[in-house]
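# Chains, contacts and geometry: an overview
Chain by chain, the residues:
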Amino acid sequence: MKLKDKFIKLMFYGGLDKKDYEDVQDILSEKNSRMLFLTGLICMVLFLAMFLSTFFSSRADSMEELRLRSRMIYVFMIFVCAIAMMIREQQKYHENRFIIMEWYLFLTLLFGFAIWAGTYNQPYYPSTTFFVFLFALPFLIIERPIRLSIYLIGISAIFLTCSYQIKTADLFELDFLNCLCFLYLSIAFSIVMMAFKYKEVIQKIKIEEQRDRDDLTGLLNKAAIEREVCKCLEGKEKGYLFIIDIDNFKYVNDQYGHLFGDAVISAYAKSLEEVFGTSSLIGRFGGDEFIVFVKQDSLDDMSRLFEQVKKKMDTTICFPVQGEKHPTISVGATFFDGHDHDYKELLDLADQALYEVKHEGKNQIKIRVI
């Protein structure tokens with residue numbers, strides 16, 4: 001890859017491929033949401049301390065107007081921080097897609113305070129608050145380096161404009177040099193930190209996928225399928241929960257060995273994935289049992305879907321003994337209507353339906369209605 005392409009990839013996607021970058025957006029949004037709450041809390045405590053300190057200030061009475069103005073600004077910033085924390089609480093129940101926009105709005109208000117504190121409030125001293133915020137920013141937010149760099153350059157230009165208009169030439173020159181140094185460090189740190197954080201998230205996803213996947217079939221394991229179905233139930237997503245059991249599987253294992261039995265299980269897992277697609281949740285419950293959660297309001301002709309599964313099996317598995325019939329499947333199901341029912345309740349109903357199928361000759365589908 002050319003150096004130019006590597007640089008573009010680093011600045012736009014933190015060194016990741018575009019697809020990998022898009023895949024981690026939900027996790028990054030959640031991290032940014034948590035960090036927004038923490039930053040808001042810390043800043044609120046600091047602004048509250050500044051507000052209280054104005055009551056113990058030894059400034060002369062002639063400075064009372066400035067003291068009053070400072071208190072008003074501190075109160076406003078405390079309110080801003082409280083809003084940032086409330087946004088985090090709201091993000092627990094809503095999508096995180098606007099969290100970056102909310103972060104930039106919050107940062108703009110913080111930098112606005114820093115510019116006021118370093119220029120209008122203290123025109124005869126070098127600025128410090130602005131440079132602290134400038135340096136700390138890459139450690140607070142996970143964002144594309146290109147957008148963060150543009151934002152930092154823009155906010156620094158506003159600061160220098162204010163400093164130039166208010167301060168003496170010597171103080172402006174000092175602010176200018178400090179701003180260049182801290183801006184360079186902030187952009188450099190943002191590039192390094194973003195690349196590190198993105199790769200850390202990708203690594204975490206890979207570890208979680210390995211943890212959540214069944215070794216034999218690659219489907220979700222028992223714990224993972226329960227967690228993912230529970231998320232759907234909490235989100236009131238209507239759908240069908242199926243428990244699928246391979247009939248007479250013990251005979252297959254005893255007759256042809258466990259290696260062939262594993263091949264049969266893997267083939268059934270692949271068939272389920274092909275028939276139900278990526279929009280459904282599919283997991284291995286254990287042994288020769290599978291769980292499928294189909295996110296649909298209604299499911300017409302379920303028998304047809306499972307016939308497709310069996311047809312795919314017929315073309316996938318070749319039994320050592322010619323003419324040996326492929327094992328059939330028994331299916332117990334229940335429908336989640338979006339009301340307050342938990343996973344265990346649905347699983348129990350589907351399991352009851354499967355039990356009835358097993359005692360009525362197997363190779364059938366039965367639904368238990370809540």
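Per chain, residue numbering runs from 1 following the sequence as it is written. Local features in this predicted model are restricted to residues of pLDDT 70 or higher, and side-chain atom pairs are both shown and tallied only at a pLDDT of 80 or more, whereas totals for entire chains, interfaces and linings draw on every residue. With hydrogens and water excluded, all non-hydrogen atoms of the structure serve as input to the side-chain values.

## Points about empty space enclosed by the protein
The line we're drawing: Buried and open spaces are told apart on a 1 Å grid over the protein atoms alone, a cavity being a set of points where a 1.4 Å probe fits but cannot get out and a pocket being an open set with protein on both sides within 12 Å along at least five of seven lines. Residues with an atom within 4 Å of a point are the lining residues. Grid points are joined across faces, edges and corners, and a volume is the space filled by probe spheres set on the points. Labels follow the DSSP assignment, with helices taken as runs of H or I lasting at least four residues and strands as runs of E lasting at least two, numbered in each case from the N terminus. Residues were grouped as follows: Ala, Val, Leu, Ile, Met, Phe, Trp, Tyr, Cys and Pro as nonpolar; Asp, Glu, Lys and Arg as charged; and all remaining residues, including Gly, as polar.
Under the criterion given, the structure shown has one cavity of 30 Å³ or more. Put simply, the largest cavity is a space of about 60 Å³. Along the walls of the largest cavity sit Tyr 21, Gln 25, Leu 28, Ser 29, Asn 32, Ile 100, Ile 142, Glu 143, Arg 144 and Tyr 198, which together make up its complete lining. Top contributing element to the lining of the largest cavity by residue count: helix 3 (residues 25-53), with four residues. Counted by class, the lining of the largest cavity contains five nonpolar, three polar and two charged residues.

## Re unusual backbone geometry
Basically, it comes down to this: A 1.4 Å probe rolled over the protein chains alone gives each residue an accessible area, and that area as a share of the maximum for its type sets the label: buried under 20%, exposed over 50%, partly exposed in between.
The backbone of Lys 236 sits at a positive phi, close to 60 degrees, despite the residue not being glycine. For Lys 236, a relative accessible area of 41% corresponds to the partly exposed category. With a phi close to 55 degrees, Asn 248 is a non-glycine residue in the positive phi region. Examined against the element boundaries, Asn 248 turns out to sit in the loop between strand 1 (239-246) and helix 10 (249-256). Residue classification places Asn 248 among the partly exposed residues on the basis of a relative accessible area of 45%.

## Observations concerning the sheet that holds strand 5 (residues 365-367)
As a general point, the strands of a sheet are linked pairwise by backbone hydrogen bonds and lie either parallel or antiparallel. The condition that has to hold: When DSSP locates at least two bridges between a pair of strands, those strands are taken to pair. To get an axis, fit a line to the C-alpha atoms, keeping to the stretch in contact for a helix; angles then go from 0 to 180 degrees between the N-to-C directions. Contacts between residues were defined by any pair of non-hydrogen atoms, one from each residue, lying within 4.5 Å.
The mixed open sheet is built from five strands, whose spatial order is 2-3-1-4-5. Lying at the two open borders of the sheet, with one neighbouring strand each, are strand 2 (281-286) and strand 5. Taken over all neighbouring pairs, the strand axes of this sheet differ in orientation by 20 degrees on average, direction set aside. Two strands pair when backbone bridges link them, and strand 1 and strand 3 (residues 289-294) are joined in this way by six bridges, in the antiparallel orientation. Looking across to strand 3, one finds that Tyr 240 is bridged to Val 294. Across the sheet, helix 13 (residues 343-358) is in contact with strand 1, strand 2, strand 3, strand 4 (329-336) and strand 5; its angle to strand 4 comes to roughly 145 degrees.

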